[in-house]
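# Structure assessment
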Amino acid sequence: MLGVVALSVSTFLIGKEQQRTEQARQLAQRNFEDAEAQRQRAEESFRQARQAVDDYFTKVSESKLLNVPGLQPLRKELLEAAQKYYQDFINERGNDPALRGDLGKSWFRVGLITNDVGAKPDALAAYRKGRDMQEELLRMRPEDAQTQGDLAETCWNMGELERWSGQFADALRSYERSRELREQLVREHSDVPPYQNALAKSYAGLGELYEFTERNDDAVRAYEQARDLGETVVHEHGDDAQFQRDLADTCRRLGELQLGMGQPAQSLSSLQRAIELLAKLVRLNPPYTEDQYFLGWSQFKIALSLRRLGNLPAAVESCSQARDILDKLVRGNPSVTEYRNGLATCYSALGNLQRANGQPAESLRSSQLACDEMEKVVRDHPTISVYQLNLVRD
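Small disclaimer: the values here were computed from a predicted structure and weren't measured.

We now examine the overall build of the chain. Summing up its helical and strand segments, the chain has 15 helices and zero strands in all. For the chain, buried positions account for 42% of its 394 residues. By sequence separation, contacts in the chain at least 24 residues apart represent 57% of the contacts at least 6 residues apart. Summed over its atoms, the accessible surface of the chain is roughly 20800 Å², and 52% of this surface lies on carbon and sulfur atoms.

Now the structure itself:
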């Protein structure tokens, strides 16, 4: 009897212990689930905040209106605010392996902003940190299109800055890596227009680098590959202004190179295509002054091509059209040195063309206006020797 009682007590105690254990387990489970829910809510809030800043940065950096003369100080202030956020994020979360992709993008954006508003060496250092993180992430996710695209964009921007800095060997490696990644993306996602346009930009970057290093035949081939890709994208998606702008830029650069290589007929064809695209962009977006400037500049280069082809009257007419475009642009934006210098160059060439065409009075007037414009440029920038040389030549 005593044994039965003892067994019953033991069973009762074991049951109570099991009940307490189960209650403790359930409590721990609830605490874990609550903590996980709080973590997920915090992470979601964090992602939403980052997305808001990313959207803000994209709108500011890509806004054509904020990039017009007079609004650059506001643009700089807005970009510096975004730069501070990305730098703070890197400082706070830089050791979190789960955020490798976000950290790589943040370093890229710090580089992009610093290149715009800060020191070029600092921008290049940020780009390289972003690239290294993205390369590491791509090794872990070799099929991830987003990572490939992000890395390609970082490498392309690195190539641009390295070329600008005279680091041509590094620039070539960066451009080639960008091209390699984008070619893979186009092969695997042939129906995605931004990938095709990005590949065209990689070829255009290589073209600029080859031109800088006097590999002109290679430059022509690279520009032609960029042009052909761009034409395909614009043909299929002609309503995208950026695709048109990128193609116009490639055609203009190709035309200028062909002119310098003594190929005026090919130059004329390339520049006419650039003008066709730019004229459409100017009609659709009049406030964006860069399109207006390159429209006038391309018209000026057409005048030089026509002169090489022996058609002086058409060259004078084309140069006069360029003068009118650039003069209107300078009147609306008198503080932009690039526009004023372009107008002075156009006036000088027009004077030479008018003299050769038997128009001495018009030639004298154009030459005087060229000197007037260059004097203003030199007065505003007395330490830049190339402007002083241009004034002496005029």
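Our next topic: the side chain of Ser318. Considering the arrangement of structural elements, one finds Ser318 in helix H12 (residues 312-332). For Ser318, a relative accessible area of 4% puts it in the buried group. The contact partners of Ser318, leaving out residues within four places of it in the chain, are Gln299, Ile302, Ala303 and Leu306.

Glancing now at the nonpolar core. Grouped together as the largest cluster of nonpolar side chains are 39 residues, with contacts concentrated most on Tyr293, Phe300, Cys319 and Leu353. Once residues within four sequence positions are removed from consideration, Cys319 is found in contact with Phe300, Ala303, Cys346, Ala349, Leu350 and Leu353.

Before going further, it helps to examine helix H3 (residues 100-117). Taking 1.5 Å of rise per residue, the 18 residues of H3 would be expected to cover 26 Å, and the 26 Å separating its terminal C-alpha atoms lies within 8% of that figure. Within H3 the residues assigned to the buried category are Arg100, Leu103, Gly104, Ser106, Trp107, Phe108, Arg109, Val110, Gly111, Ile113 and Thr114.

In this section: helix H4 (residues 120-140). Between the first and last C-alpha of H4 there are 31 Å, a value that for 21 residues agrees with the 30 Å anticipated at 1.5 Å per step. Within H4, burial applies to Ala123, Leu124, Ala126, Tyr127, Gly130, Met133, Gln134, Glu135, Leu137 and Leu138.

In this model, Glu214 sits at a positive phi of 65°, which is unusual for a non-glycine residue. As for its placement among the helices and strands, Glu214 is situated in the loop between helix H7 (193-212) and helix H8 (216-236).

With the rule as written, the count across this model stands at six aromatic pairs. For the pair Tyr293 and Phe294, a centre-to-centre distance of 5.3 Å together with 65° between the ring planes defines the contact as edge-to-face. Residue Tyr293 is classed as buried on the basis of its relative accessible area of 7%. Since its relative accessible area comes to 19%, Phe294 is described here as buried.

It is worth spelling out the side chain of Ser363 at this point. Looking at where Ser363 falls in the secondary structure, it is placed in helix H14 (residues 360-380). In this structure Ser363 comes out as buried when scored by relative accessible area, which is 4%. When residues no more than four places from it in sequence are discounted, the contact partners of Ser363 are Gly351, Gln354 and Arg355.

A complete count under the given rule lists 26 salt bridges for this structure. A salt bridge links Glu208 to Arg253, with the shortest nitrogen-to-oxygen separation between them at 3.4 Å. On the criterion of sequence distance, the pair formed by Glu208 in helix H7 and Arg253 in helix H9 (residues 241-260) is long-range, its members being 45 residues apart. Note that Arg252 and Asp249 form a salt bridge whose closest N and O atoms lie 2.7 Å from each other. Pair noted here: Arg252 and Asp249 are both in helix H9, with a separation of three residues, about one helical turn. Residue classification places Asp249 among the partly exposed positions, given a relative accessible area of 25%. Overlapping salt bridges bring together Glu160, Arg163, Glu208, Asp249, Arg252, Arg253 and Glu256 as one network.

We now examine the environment of Asn352. Structurally, Asn352 is set in helix H13 (residues 337-356). Given the relative accessible area of 40%, Asn352 is considered partly exposed. Separated by 36 residues in the primary sequence, Asn352 and Val316 have C-alpha atoms spaced 9.3 Å apart.

Let us now look at the packing of helix H5 (residues 145-164) against helix H6 (residues 168-188). It is at 8 Å that the axes of H5 and H6 come closest, and there the two elements cross at 155°. The angle between H5 and H6 places the two elements in the roughly antiparallel class. The chirality of how H5 crosses H6 is left-handed. Of the residues that constitute the contact of H5 with H6, the class distribution is 11 nonpolar, six polar and eight charged.

So, on to the packing of H5 against H7. Interhelical geometry of H5 versus H7 gives an angle of 20° and a closest axis separation of 11 Å. The angle between the axes of H5 and H7 places the two elements in the roughly parallel class. Note on packing geometry: the crossing formed by H5 with H7 is left-handed. Counting all contacts with H5, which are made through Ala145, Trp156, Glu160 and Arg163, the residues of H7 involved are Tyr195, Lys201, Ser202, Gly205, Glu208, Leu209 and Phe212. Across the contact of H5 with H7, the residue classes break down as five nonpolar, two polar and four charged.

So, on to the environment of Phe108. Structurally, the position occupied by Phe108 is in helix H3. Residues Phe108 and Tyr86, 22 residues apart in the sequence, show an inter-C-alpha distance of 9.7 Å. When near neighbours in sequence (up to four residues on either side) are disregarded, Phe108 contacts Tyr127, Gly130, Glu153, Thr154 and Asn157.

Rules and cut-offs
- The residue numbers shown here count from 1 along each chain, following its written sequence.
- Per-residue local features of the predicted model are confined to residues with pLDDT of at least 70, and side-chain atom pairs are confined, for both listing and counting, to 80 or more; whole-chain, interface and lining totals are unaffected and use all residues.
- Remark: hydrogens and water are excluded; side-chain values derive from all non-hydrogen atoms of the structure.
- Only runs of H or I of at least four residues qualify as helices and only runs of E of at least two qualify as strands under DSSP, and these elements are numbered from the N terminus.
- Exposure is judged per residue with a 1.4 Å probe applied to protein chains only, and the accessible area is read against the type maximum: over 50% gives exposed, under 20% gives buried, and values in between give partly exposed.
- Whether two residues are in contact is decided by their heavy atoms, any of which lying within 4.5 Å being enough.
- Computed with the Shrake-Rupley method and a 1.4 Å probe, the accessible areas treat only the protein chains shown as cover for residues.
- Working definition of a nonpolar core: buried Ala, Val, Leu, Ile, Met, Phe, Trp, Tyr and Cys residues. They are joined through side-chain atoms within 4.5 Å.
- Helix span, as expected, comes to 1.5 Å for every residue beyond the first.
- Note on aromatic contacts: the rings of Phe and Tyr and the six-membered ring of Trp form a pair at centre separations within 6.5 Å, being stacked when their planes are under 30 degrees apart, edge-to-face when over 60 apart, and tilted otherwise.
- We define a salt bridge as a side-chain nitrogen of Lys or Arg found within 4 Å of a carboxyl oxygen belonging to Asp or Glu.
- Angles shown run from 0 to 180 degrees and are taken between the N-to-C directions of axes, each axis being a line fitted to C-alpha atoms and, for helices, limited to the stretch in contact.
- For classification purposes, an angle smaller than 35 degrees is called roughly parallel, one larger than 145 roughly antiparallel, one from 65 to 115 roughly perpendicular, and anything else oblique.
- Definitions for this section: a left-handed crossing has its near helix turned counterclockwise from the far helix by less than a right angle. A right-handed crossing has that turn clockwise.
- Residues are sorted three ways: Asp, Glu, Lys and Arg are charged, Ala, Val, Leu, Ile, Met, Phe, Trp, Tyr, Cys and Pro are nonpolar, and all the rest, Gly among them, are polar.

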